[in-house]
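# Structure assessment
Each chain, letter by letter, is given below.
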Amino acid sequence: MVKFGLQFKATLENVTSVRPLGEDFRWFLKLKCGNCGEVPDKWQYVTLVENVPLKGGRGSASMVQKCKLCARENSIDILGDTITPYNAEDSERFKTMVQFECRGLEPVDFQPQAGFAAQGAESGTQFPEINLQEKDWTDYDEKVSESVGIYEVTHQFKKC
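Notes on the structure follow. Every value quoted in this text rests on a predicted model; they were computed, and no experiment measured them.

## A few points about unusual backbone geometry
Even without glycine at this site, Ser17 takes up a positive phi of about 55°. Here Ser17 falls in the buried class, since its relative accessible area comes to 13%. We note that Glu92 has phi near 70°; this positive angle belongs to a residue other than glycine. Considering the arrangement of structural elements, one finds Glu92 in the loop between strand E8 (73-79) and strand E9 (95-103).

Below, the structure written as structure tokens:
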């Protein structure tokens, strides 16, 4: 079993604490089979609330799947205690936002979507409905009369 960290990078404007909201947050990933190298075209998601038992009573994982090419059973588990917000001081630098424990799989791509939240850097205003699918998000913080935004969202995976 190998751990992979999803490192998030963005330019933040007047916001901090960018984070996934709730245990039902969907991490959309493309996963490569470690046995045959197959990467399906479709995005797959994992959440903290889903828990599937592993064969042979070896615990559980967020997702268990059988590779369509080689039929090997692989699994991925979100390590919930590793979920960390991306803060204003992290802006424009890679920071690990979450770690995944993988058996037979390797995450190769991530697609941020809806379900992120942030707060105004100075006002503390909550922004609970952030969709990062377009890699950019903008809004207006009325408390301090400033525009807020998350720009140039990118990522990388790193072995932990």
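## Concerning the nonpolar core
Counting 31 residues, the largest nonpolar core has Trp27, Ile76, Phe100 and Ile150 as its most contacted members. By residue number, the principal contributor to this core is strand E1 (residues 2-13), which donates five residues. Leave out the neighbours within four places in its chain, and Ile150 touches Ala10, Thr11, Leu12, Val15, Val18, Ile130, Leu132, Lys135, Asp136 and Trp137.

The rules behind these values
- Residues numbered from 1 in each chain as written.
- Predicted model: local features only at pLDDT ≥ 70, side-chain atom pairs only at ≥ 80, totals over all residues.
- Heavy atoms only, no water.
- Buried < 20%, exposed > 50% of the residue type's maximum accessible area, 1.4 Å probe, protein only.
- Helix = DSSP H or I, 4+ residues; strand = E, 2+ residues; numbered from the N terminus.
- Core = buried A, V, L, I, M, F, W, Y, C linked by side-chain atoms within 4.5 Å.
- Contact = heavy atoms within 4.5 Å.

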